[in-house]
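The chain contents come next:
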Amino acid sequence: MTVYLLRRILQSFMVLVAMSIIVFVGVYAVGDPVEILISPDADQLERERAIRALGLDLPLWEQYLVFVQRALQGDLGRSFVFNEPALQIILQRMPATLELAFGSMFLSILIGLPLGLYAGLKPDSVASKTIMAGSILGFSLPTFWVGLMLIMVFAVQLGWLPSTGRGETATLFGLQWSFLTANGLAHILMPAFNLALFKISLVIRLTRAGVRETMLMDYVKFARAKGLSQNRVIFVHVFKNILIPVVTVVGLELGSTIAFSVVTESVFAWPGMGKLIIDSINVLDRPVIVAYLMIIVLMFIVINLVVDILYSVLDPRVRLEAKA
Amino acid sequence: MKTAIRAAAFATMAFVVPASAQNLTMAVGAPVTSLDPHFHQLSPNNAVAGMVFDRLINTDGQSRMVPGLAESWRAVAPDVWEFRLRRGVRFHNGQEFTAEDVAFTFQRVPNVPNSPSSFAGFVRPIRNVEIVDSHTLRLSTNGPYPLLPQDMTNVYILDRETHQNVTTEQFNSVQAAIGTGPYRVLSHRPGDRIEFERNDQYFGERPAFGRVNYRMITNDSARTAALLAGDVEFIDQVPTADLARLRGDQRVAMSEVTGLRVIYLSLDHMREDATPFVTDNDGRPIARNPLRDVRVRRALSMGIDRQAIVDRVMEGAATPTGQFFPPGIFSYVPDLPAPRFDAEGARRLLAEAGFPNGFRIQLNGPNDRYPNDGRIIQAIGQMWTRIGVRTTVEAQPWTTFVARAGRQEYSAFLIGWGSNPEGSHPLRNLIASFDRERGWGASNRGRYSNPELDRRLDEAMREIDDARRERMLIDAQRLALEDVAIIPLHIQTNVWAMRRHLRHDARADESTRAQDVRPAVQR
């Protein structure tokens, strides 16, 4: 276990270094931050001053060394646009994105699992076929469009829910959370559902496939033969086994939801990290882009690790040492 | 039970009624990145600074100068400007405003750490600040400098006692966001919203709304939807695609004004030999750059049907133009209409210039910067092809586009320019020869150069007398535009939309500020 963890950490570190180099070179290749940030009527002197102020007068490799030096001391640079530490800006926006991501994961399990279970147990019923057809829509409709449609229907036409924004927040652990207030919940419902739509379909399909496969297994037949109740067979014997793929996929999806909820966040004006990163890319705010991607890489590494560990808990046949 | 319901209903009413009369929720399309008024010279930041702070000279909706913290100003000598300051003005924290604060502000402006675009250029001409008394200032410049008042419309005044050594972060966290303006900042959630409260001690006109929720909704469709849903009462940057729909909506009113942002084409004047994106009809480079021939430039300008672009691409939210300014602005050139569309004449001019069969060109431009930018260059591509200049079009994201345009990599490209209402502003930045020492031509990406124009501009910029300077600037603009230094296309219309119960004084400078919004029916 320890060897395995050490190796994973070393690998992660290499990924982080590679990532920072790619982003540095990438932003450099895309364009010149000063051209974008500077007021168009700034004269040449002012442009030169801005280039120096942002540290862009040094050759690229030197800029990178400065970055590495500071990063080793925990400083990922200051945002060009906000003049605040990039890390701090990202962490400020993190709660908003996290609650959106967890909200959508919660919805996807709450809706996806029962529907998938039903569709797996009664594959030939009309309801199951409707569920499966519906899940195709969930896969194929673009989030952007669905988001706007949700706003048009529930906010503009019906007026049931607020159209955009985060709403009121309450403080918990020193951070602002909106799921603690009724107004905040009303605001989070549509974006979370929009983000969940794809995952709901995924969970439905995975669950259904798992149920159909597992129901034919010998141990299920045996459990039935023992005279266990239908509920016990399904919710203990079958359910436990179909959870493994669901946990894997939902875990990985959680990562990409946190990292790339860009579209949903900008359609619903949700002040999270996704909106921050797209705004930062638009103005080539390199410190924020680099810091953000490093955090995301780190997060994926942690999530993968947690998923691996969860595996071994859910399925005793999986041993982490053996895999390493 | 009944009483409980009634009490509940009453409570809701008590909450709702003052809310609609007293509060305003508005949404803007561009994120405000800082509350420090000297950190980043960026229109959304300036709009918010215009709610919280004042300048010596403020500007009205037409961008004309009106007294701000200075009640009057005049040139006492060609190189000395005297400002008489308003008495009895207090900052939000009760500190009194005096001449010392102005001197302090001028010191801070060029020294804001890490500023990506500072306001230093506006105070650089000031050689010396003399405090005559607590409310009189004399600013001396190197030689005659008529633009000082114009520069002062860009500098937001801070308090010496409050803002000594204050950082940008302290502004962003609200604690230092203290000015003399009509609103004080209550809270700031970066990238999401800013909440304001009316400053009842404001020296100017009292704003109508006591509380303002200033939200940032960058997605165009979402902003319009938020207005239609009633979540916000006021939006700016109405997308042209939604104009027709909003105009027909009974719940919505609009306000609009011709702005100061001109959309134009910049041409490569720098290369005398082949320019990268122009070839002959067989795809071979042309040995001499045809864009340096004024007849070719004139033909290209005549070959554009500006009215069609405004009507069909811009949905009417622009005015065709042949110059930088709309009528009514200082130094507007009165007898210079938008060039008439004339395909026949354009072909004739091309033939005269030695291109009877035209040539090929690539037209570049951004696709995410100005309203409909990508579609405008497509339209122009088709129009040019009709006069024999076979045009391909390439639109790119602004981030990549602007860097390449700044390196003179293109032959012809579309770009925009937001002017100060003073002819020297576009001339000095876009048309004057690129000259680092003078700070001229910094945005002259096509590197047009005309010594006669430089001379006239230099002369105008030393002329203190407004009427004489205006005449000189009009002549200089005419010279540049008759030489087709750039090809102006249209001037954008700034459009805001609001719920019917509101009205708004539209601003040519695109600023979206709460004090410009009032209830439609005065109570």
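Residue indices follow the written sequence of each chain, beginning from 1 at its first position. For naming, the first written chain is A and the first written ligand is 1, with later ones following in the order written. In view of the model being predicted, local features appear only for residues whose pLDDT reaches at least 70, and side-chain atom pairs are presented and counted only at 80 or more, with totals across whole chains, interfaces and linings using the full set of residues. Here the side-chain values reflect all heavy atoms present in the structure, with hydrogen atoms and water set aside.

Caption draft 1: Main features of the overall build of chain B. Starting at the N terminus, helices and strands are each numbered in turn, a helix being any DSSP run of H or I of at least four residues and a strand any DSSP run of E of at least two. Check the secondary structure of chain B and you find 17 helices and 20 strands. Viewed in the frame of its principal axes, chain B has a C-alpha envelope of about 85 × 65 × 40 Å. It only takes one pair of heavy atoms within 4.5 Å for two residues to be counted as in contact. Nonlocal contacts in chain B, meaning residues at least 24 apart in sequence, comprise 68% of its contacts between residues at least 6 apart. Here the accessible surface of atoms and residues is derived via Shrake-Rupley with a 1.4 Å probe, and residues count as covered only by protein chains that are part of the display. For chain B, the exposed surface amounts to about 20,500 Å²; the carbon and sulfur share of it is 48%.

Caption draft 2: Region of the structure containing the nonpolar core. To define a nonpolar core, start from buried Ala, Val, Leu, Ile, Met, Phe, Trp, Tyr and Cys residues and group those joined through side-chain atoms within 4.5 Å. A simple rule labels every residue: compare its accessible area, found with a 1.4 Å probe on the protein chains alone, to the largest value its type can have, and call it buried under 20%, exposed over 50%, or partly exposed in between. Leu56, Phe83, Phe196, Tyr214, Trp384 and Ile431 of chain B are the most contacted members of the largest nonpolar core, which has 201 residues in total. Here this core takes 14 residues from helix H13 (residues 286-314) of chain A, the largest share from any one element. Mapping this core onto the domain boundaries places at least three of its residues in each of domain 1 (6-216) and domain 2 (260-492) of chain B. One finds Met190 and Ala269 of chain A together with Ala226 and Ile235 of chain B within the second-largest nonpolar core, a separate group that totals 28 residues. Where each domain begins and ends is defined by an automated method or by a domain database.

Caption draft 3: Quick look at the packing of aromatic side chains. Aromatic rings from Phe, Tyr and Trp, with only the six-membered ring used for Trp, were paired whenever their centres fell within 6.5 Å, and each pair was classed as stacked if the ring planes differed by under 30 degrees, edge-to-face if by over 60, and tilted otherwise. For the structure shown, the criterion picks out 18 aromatic pairs over all chains. Judged by centre distance (6.0 Å) and plane angle (40 degrees), the ring pair of Tyr64 of chain A and Phe67 of chain A falls under tilted. Of this pair, Tyr64 of chain A and Phe67 of chain A are both found in helix H4 (residues 60-72), three residues apart, which corresponds to roughly one turn of the helix. Where Phe277 of chain B meets Tyr410 of chain B, the ring centres are 6.2 Å apart and the plane angle is 40 degrees; that geometry is what we call tilted. Taken as a pair, Phe277 of chain B in the loop between strand E12 (252-267) and strand E13 (278-279) and Tyr410 of chain B in the loop between helix H14 (398-406) and strand E17 (412-418) lie far apart in primary sequence, 133 residues in all. The buried category is assigned to Tyr410 of chain B, whose relative accessible area is 3%. Here the aromatic cluster, defined as three or more aromatic residues joined through ring pairs, consists of Phe277, Tyr370, Trp398, Phe401, Tyr410 and Phe413 of chain B. Residue placement shows Arg369 of chain B over the ring face of Trp398 of chain B; its charged tip is 4.2 Å from the ring centre. Only when the NZ atom of a Lys or the CZ atom of an Arg is both within 6 Å of the ring centre and within 35 degrees of the ring normal do we say a charge sits over the ring.

Caption draft 4: Structural view of the side chain of Ser331 of chain B. Residues and elements named next belong to chain B. Take Ser331: it is sitting in the loop between strand E14 (318-320) and helix H12 (343-352). A residue is classified by how much of its surface remains accessible, and Ser331, at 0% relative accessible area, is buried. Once you skip the residues sitting within four places of it in the chain, Ser331 turns out to touch Phe325, Glu422, Gly423, Glu470, Leu473, Ile474 and Gln477.

Caption draft 5: How the structure looks around the environment of Ser140 of chain B. By the element assignment, Ser140 of chain B lies in strand E7 (residues 136-141). The contacts of Ser140 of chain B, once residues within four sequence positions are left out, are Asp79, Val80, Pro125, Ile126, Arg127 and Asn128 of chain B.

Caption draft 6: Fine view of unusual backbone geometry. The phi angle at Ala269 of chain A is positive, at roughly 45 degrees, despite the residue not being glycine. Inspection of the secondary structure puts Ala269 of chain A in the loop between helix H11 (262-267) and helix H12 (273-282). Here Gln408 of chain B, not a glycine, exhibits a phi torsion of approximately 60 degrees, which is positive. Checked against the element boundaries, Gln408 of chain B lands in the loop between H14 and E17. The class of Gln408 of chain B is buried, set by a relative accessible area of 10%.

None of this, on its own, says anything about what the molecule does.
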